[in-house]
Amino acid sequence: MAEPATGLAISASFRPLRVWLLLPSWLVIGFFLLAPVLVMLVYSFLTKEFRGGVIWEFSLAAYDQFVFDRGLFGDEPPTIEWTYITIFARSITQAALATVFCLVIGFPTAFFIATRSPATRSIWLFLVTVPYWVNLLIRTVSMKFLIRDNGPLNELLLALGVISEPLAMINTNFAVQLGLFYSYLPFMVLPVYASVERYDFSLSEAAADLYAGRWTILRRVLLPVVRPGIIAGCILVFVPSLGAFLAPDLLGGAKNFMIGSLIEEQFKGNAGNWPFGAAASMILLTLVLLALLLLVRQQRTTEAG
Amino acid sequence: MAVLCLTVLYAPLLVVMAYSFNASQSITVWGGFSWRWYEDIFFGLEAAKFKTAAWNSVTIATAAATAATIIATAAAIGMVRGGAFRGRQVSFALLSMPIMVPEIVTAVATLVFFSAIGFTLGYSSILVAHIVFCIPFAYLPISARLEGIEGVYEEAAQDLYANRWQVFVHVLFPLMAPGVLAGFLLAFIISLDDFIITNFIKGAGVETLPTAIFGAVKQGIKPNIMALSTIMLLLSLLLVTVSLIVGRIGLKSDRSNHDRDG
């Protein structure tokens, strides 16, 4: 996240107290978040203890285990282990697809809202934001209720005669995607809206006067202006989708495992493998930080240009 | 498209709200309108469990949001009114770290760390974790508000020999108040909302509303859970509306101040 540019000159009325004012936040976050994440980094290079926990012996086994299968006792010639690569690939695909769906539905919505009169605009924005404030667990459970085999959606479709027998939607990849889409749609609409709102529509008119087609106007005139908003929206949807836990767990079932559930499994009960879970967390964290770096760089170039 | 968007966003919630008034025991058959599931969550078999969970949720959210708001207010003044300094970027990265690290990673890292330092899991571990991830949510609206306040007011007060504490209490805080309140409400909702982190570090026997709901839902969605969800849903709605109105009032009072100035 880039720091918002301040329009005003930086005031320094509290400069002598600066360190004391910042210290509590540094200490609390440093001790209870930065330190734990660093501990995880260390743990990912240690040897696993069988009943959960670690043995203080350096080992790359946790990372090795992602890619190679060396048999039960670790002495067989390594073969490629696809289980975890598949889970990561699935998570990335799911998150990417959810992002695409959010963009396809969210962009026209944001565009629609930005072109309303100011008064109606704030009502629409309010309506789009409200669901975000409703507990994510409750939203996911609601979705599960709606799309289950004999749930209201299937009943409705049956009654309308669209389908002749209930669609099996729950515990599919589709359900997970729907859940992710539903969870993070506001994250797409809001930044896109913010950039479309700044767009000067007389530019489109000017382009049309110069015989630009609709598609050309969209691509050459509108898109460059709203691109930062789209990229911000995509990353804001992609990042939480990648590490999502509730939607895959409640809507996806065991077959549609994602990174979040994989990590969870390593730390629940006594059967887990802490170094492996720590390594999975570190890989996830790296992916997320890369995505965020992309966002920051994008915003820098936009500000500079 | 906008209509489709809203349909997708609201359909599941409305369906659950509607079915929470279902008189029937089954969640598929509509048996007429009734309040029985609302009675059930307050007076039924699981009422005691829900009451404890609700109490935990509300007290943790209040305490965590209060602590996070105090820490975030201090940090915002340090960042926005502390002049330029070299660690600014790092400090900002640290402040936004709880938003950037995926929740599941925060959850397991906190769990591992707490067990490593021997911090017993339970009410207080939940509280500490909540304070940490509430800080950025309180910080962002507070610092945004502070950035919008010109430095002239504090300078004027300092010229009149007010010390920094007086400047804060009599000048800066009243100007910041809408941002602080918005930050507090945001942190409160975020804390109330949290499931993943709480679920990992709650330890045995301590439940908040989301973990209690998750536990119940694992055995299938029951009508009383829908009633409980509806109540929480309406509560969130109320809080968001209040925080928006507070924000509006803040903006309006600014505008009228400016009008008077001009």
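Quantities reported herein were computed from a predicted structural model and do not represent experimental measurements.

1. A word on the overall build of chain B
So, step 1. In terms of regular secondary structure, chain B is built from 11 helices and 0 strands.
So, step 2. If one aligns the C-alpha atoms of chain B with their principal axes, the spans along those axes are about 70 × 50 × 35 Å.
So, step 3. Buried positions account for 55% of the 262 residues belonging to chain B.
So, step 4. Of the contacts made within chain B by residues no fewer than 6 positions apart, 71% connect residues no fewer than 24 positions apart.
So, step 5. With the model as given, the accessible surface of chain B reaches about 11400 Å², and the carbon-plus-sulfur share is 68%.

2. Some points on the packing of aromatic side chains
So, step 1. Within this structure, the stated rule accounts for 25 aromatic pairs over all chains.
So, step 2. Ring geometry for F31(A) against F32(A): centres 4.9 Å apart, planes inclined by 85 degrees, an arrangement best described as edge-to-face.
So, step 3. Considering the side-chain rings of F195(B) and F214(B), the 4.4 Å spacing of their centres and the 40 degrees angle between planes classify their relative orientation as tilted. Here F195(B) is found in the loop between α8 (164-193) and α9 (196-201), whereas its partner F214(B) is found in helix α10 (residues 209-217), with 19 residues between them in sequence. Each of the two residues, F195(B) as well as F214(B), counts as buried.

3. Section: the interface of chain A and chain B
So, step 1. Listed as interface residues are 84 residues of chain A and, on the opposing side, 93 residues of chain B.
So, step 2. For the chain A and chain B pair, buried surface summed over both sides reaches about 8000 Å², with 79% attributable to carbon and sulfur atoms.
So, step 3. Where chain A touches chain B, the interface holds 1 salt bridge.
So, step 4. The partner of D249(A) in a salt bridge is K218(B), and the shortest N-O contact between them spans 2.9 Å.
So, step 5. Joining chain A to chain B, the criterion identifies 11 residue pairs in polar contact (both at pLDDT 80 or more).
So, step 6. The element contributing the most residues to the side of chain A that touches chain B is helix α1 (residues 18-43) of chain A, with 18 residues.
So, step 7. Of the residues in the side of chain A that touches chain B, the class split is 61 nonpolar, 12 polar and 11 charged.

4. Regarding unusual backbone geometry
For residues that are not glycine, phi is negative in most cases, and the peptide bond is trans in most cases.
So, step 1. With a phi close to 65 degrees, Y161(B) is a non-glycine residue in the positive phi region.
So, step 2. Taking the relative accessible area as the measure of exposure, Y161(B) reaches 75% and is therefore exposed.

5. Some thoughts on helix α6 (residues 152-160) of chain A
So, step 1. Those residues of α6(A) that sit buried are P152(A), N154(A) and L157(A).
So, step 2. Looking at the buried side of α6(A), the elements it contacts are α5 (136-147) of chain A together with α1 (2-19) of chain B.
So, step 3. Note on α6(A): the residue one or two positions beyond its end, G161(A), has a positive phi of about 80 degrees.

6. So, a nonpolar patch on the surface
All names here are of chain A.
So, step 1. A cluster of nonpolar side chains, contributed by V67, F68, I80, W82 and I85, occupies part of the molecular surface with about 440 Å² of accessible area.
So, step 2. The topology assignment puts V67 in helix α2 (residues 61-67).
So, step 3. V67 gets classed as partly exposed once you look at its relative accessible area, which sits at 32%.

Conventions and cut-offs
Residues numbered from 1 in each chain as written. Chains lettered and ligands numbered in written order. Predicted model: local features only at pLDDT ≥ 70, side-chain atom pairs only at ≥ 80, totals over all residues. Heavy atoms only, no water. Helix = DSSP H or I, 4+ residues; strand = E, 2+ residues; numbered from the N terminus. Buried < 20%, exposed > 50% of the residue type's maximum accessible area, 1.4 Å probe, protein only. Contact = heavy atoms within 4.5 Å. Areas by Shrake-Rupley, 256 points an atom, 1.4 Å probe, with all protein chains shown as cover. Phe/Tyr/Trp six-rings, centres within 6.5 Å; stacked < 30°, edge-to-face > 60°. Buried area = accessible area lost by both parts, 1.4 Å probe. Salt bridge = Lys/Arg side-chain N within 4 Å of Asp/Glu carboxyl O. Polar contact = N/O pair within 3.5 Å; in protein donor to acceptor, adjacent residues only side chain to side chain. Nonpolar A, V, L, I, M, F, W, Y, C, P; charged D, E, K, R; others polar. Patch = residues over 30% accessible without salt bridge, like charges linked within 9 Å, V, L, I, M, F, W, Y side chains within 5 Å.

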